[in-house]
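A look at the structure
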Amino acid sequence: MKLDDLQIVLVETSHPGNIGATARAMKNMGLCHLTLVAPRCGIDETAIARASGALDILDACRRVDTLPEAVAESELVIGSSARPRSLGWPELTPRRMADMLGECADGQRASLVFGRERSGLSNEELQFCHYTVKIPTAPDYSSLNLAMAVQLLAYEIFVRLQQENQPPMDVPREPKASAGELEGYFEHLEQVLVTTGFLDPAQPRHMMKRLRRLYQRIGLTRNEVNILRGILSSVQKYRKS
Ligand code: SAH
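Here the structure is a predicted model, which means the values were calculated and not measured.

A few points about the overall build of the protein
The helix and strand inventory of the protein stands at ten helices and seven strands. Here the protein has a C-alpha radius of gyration of 19 Å; the compact-globule value for 241 residues is 18 Å, and the two agree. Along the three orthogonal principal directions, the C-alpha set of the protein runs to about 65 × 45 × 35 Å. Looking at the 241 residues of the protein, the share that counts as buried comes to 46%. For the protein, the exposed area adds up to about 13,000 Å²; of that, 52% sits on carbon and sulfur atoms. For the protein, the distance from the average position of its 29 positive side-chain charges to the average position of its 29 negative side-chain charges is 6 Å.

This is how it looks when you write it as structure tokens:
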């Protein structure tokens, strides 16, 4: 993929300085799409000062109310998190993350999501991410400043995507399903699993979380999602008849 296919998403940022410093870090590394999810501060003088020569990125930044809205167009969503997660979300190193982005075909879109200064990303928000990435740190102090985390990950991506001699993709790749299309599939799947009795809504036991993890990991194409939804519809018709 190209640097232009990646957006940086900041969730509920509280400090204007971090938004400005993020814009600068992005511009240094050739990234230009910034999305703010429900920011808790405005873009003030501090943000402008910290952005330095990257005011164009602040001017063009998009604001949305929710994370699903921010990532709906992305085929790959990666959440950056300082904490290990209990459900064992697939966790990448920064370099592996950059390789994965490098392996995506041009025109596939990706989002790299960053959490709040105080509390990071919630487990619910991580549900919308296909992978997490953790920057290795000293074990007793793993939380970096937000803009510094953006800088490090953007650097890895820049270095990887600038690499020469990438083998040309001779096989045309099918378009991947977007996050919005996957959400549609998960809702449909849950409905069917509840009607067949496989899933007890009173005792869901993380079943949907596990299924989401499975499907997000394998990188479904749009056609594959359509096939899976067709199967679900056939189960619904069968039960009715
Ligand atoms: N105290 C929070 C960390 C907030 S730091 C927590 O425990 O989760 C703000 C954001 O910077 C995080 O949500 C994450 O997106 C990013 N970040 C900070 N340190 C990181 C690290 N070591 N690896 C990956 N992302 C990190």
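Here's the deal with the sheet that holds strand 6 (residues 110-114)
Pairing in this open sheet of seven strands is parallel, and the strands run 3-2-1-6-4-7-5 from one edge to the other. At either end of the open sheet lies a strand with only one pairing partner, and these are strand 3 (62-64) and strand 5 (91-92). Pairing of strand 4 (residues 76-80) with strand 7 (residues 131-133), which is carried by three bridges, proceeds in the parallel orientation. Following the sheet pairing, S80 is matched in strand 7 by V133.

Focus on the domain arrangement of the protein
Entries for the protein in the domain assignment read domain 1 (3-162) and domain 2 (179-240). For domain 1 and domain 2, the distance between their C-alpha centres works out to 29 Å. With 14 residues of domain 1 at the contact, the number on the domain 2 side is twelve residues. Both faces combined, the contact of domain 1 with domain 2 buries some 1,000 Å², and carbon together with sulfur accounts for 55% of it. Counting the contacts that link domain 1 with domain 2 gives zero salt bridges. The interface formed by domain 1 and domain 2 includes five residue pairs in polar contact (both at pLDDT 80 or more). Looking at the side of domain 1 that touches domain 2 residue by residue, the class counts come to nine nonpolar, four polar and one charged.

Focus on the site of the ligand
Close contacts around the ligand come from 20 residues, with S80, G115, I135, S142 and L144 the closest. One nitrogen or oxygen atom from the main chain of R118 is found 3.1 Å from a nitrogen atom belonging to the ligand. A distance of 2.8 Å separates a nitrogen atom of the ligand from a polar backbone atom of I135. Partitioned by chemical class, the residues of the shell around the ligand number seven nonpolar, eight polar and five charged.

Details of the state of the cysteines
The tally for this structure, following the rule as stated, stands at zero disulfides. C32 forms no disulfide, and the closest cysteine sulfur to it belongs to C61, at a distance of 12 Å. The closest cysteine sulfur to the non-disulfide-bonded C104 is located on C129, 15 Å from its own sulfur.

Side note on the packing of aromatic side chains
Inspection of the entire model under this criterion finds three aromatic pairs. Relative to F186, the ring of Y185 has its centre 6.0 Å away and its plane inclined at 50°; by these criteria the two rings are tilted. For the pair Y185 and F186, a shared accessibility class is recorded, and that class is buried. Arranged with centres 5.0 Å apart and planes meeting at 85°, the rings of Y185 and Y215 form a pair that is edge-to-face. Placement of Y185 in helix 8 (residues 179-196) and of Y215 in helix 9 (residues 207-218) is noted, with a sequence separation of 30 residues between them. One exposure class covers both Y185 and Y215, and it is buried. Counting every residue linked through ring pairs, the aromatic cluster contains Y185, F186 and Y215.

About the criteria used
Residues numbered from 1 in each chain as written. Predicted model: local features only at pLDDT ≥ 70, side-chain atom pairs only at ≥ 80, totals over all residues. Heavy atoms only, no water. Helix = DSSP H or I, 4+ residues; strand = E, 2+ residues; numbered from the N terminus. Rg over C-alpha atoms; globule rule 2.2 N^0.38 Å. Buried < 20%, exposed > 50% of the residue type's maximum accessible area, 1.4 Å probe, protein only. Areas by Shrake-Rupley, 256 points an atom, 1.4 Å probe, with all protein chains shown as cover. Lys, Arg positive; Asp, Glu negative; His and termini not counted. Charge placed at Lys NZ, Arg CZ, Asp CG, Glu CD. Pairing = 2+ DSSP bridges. Domains from an automatic or database assignment. Contact = heavy atoms within 4.5 Å. Buried area = accessible area lost by both parts, 1.4 Å probe. Salt bridge = Lys/Arg side-chain N within 4 Å of Asp/Glu carboxyl O. Polar contact = N/O pair within 3.5 Å; in protein donor to acceptor, adjacent residues only side chain to side chain. Nonpolar A, V, L, I, M, F, W, Y, C, P; charged D, E, K, R; others polar. Near = heavy atom within 4 Å. Disulfide = S-S within 2.5 Å. Phe/Tyr/Trp six-rings, centres within 6.5 Å; stacked < 30°, edge-to-face > 60°.

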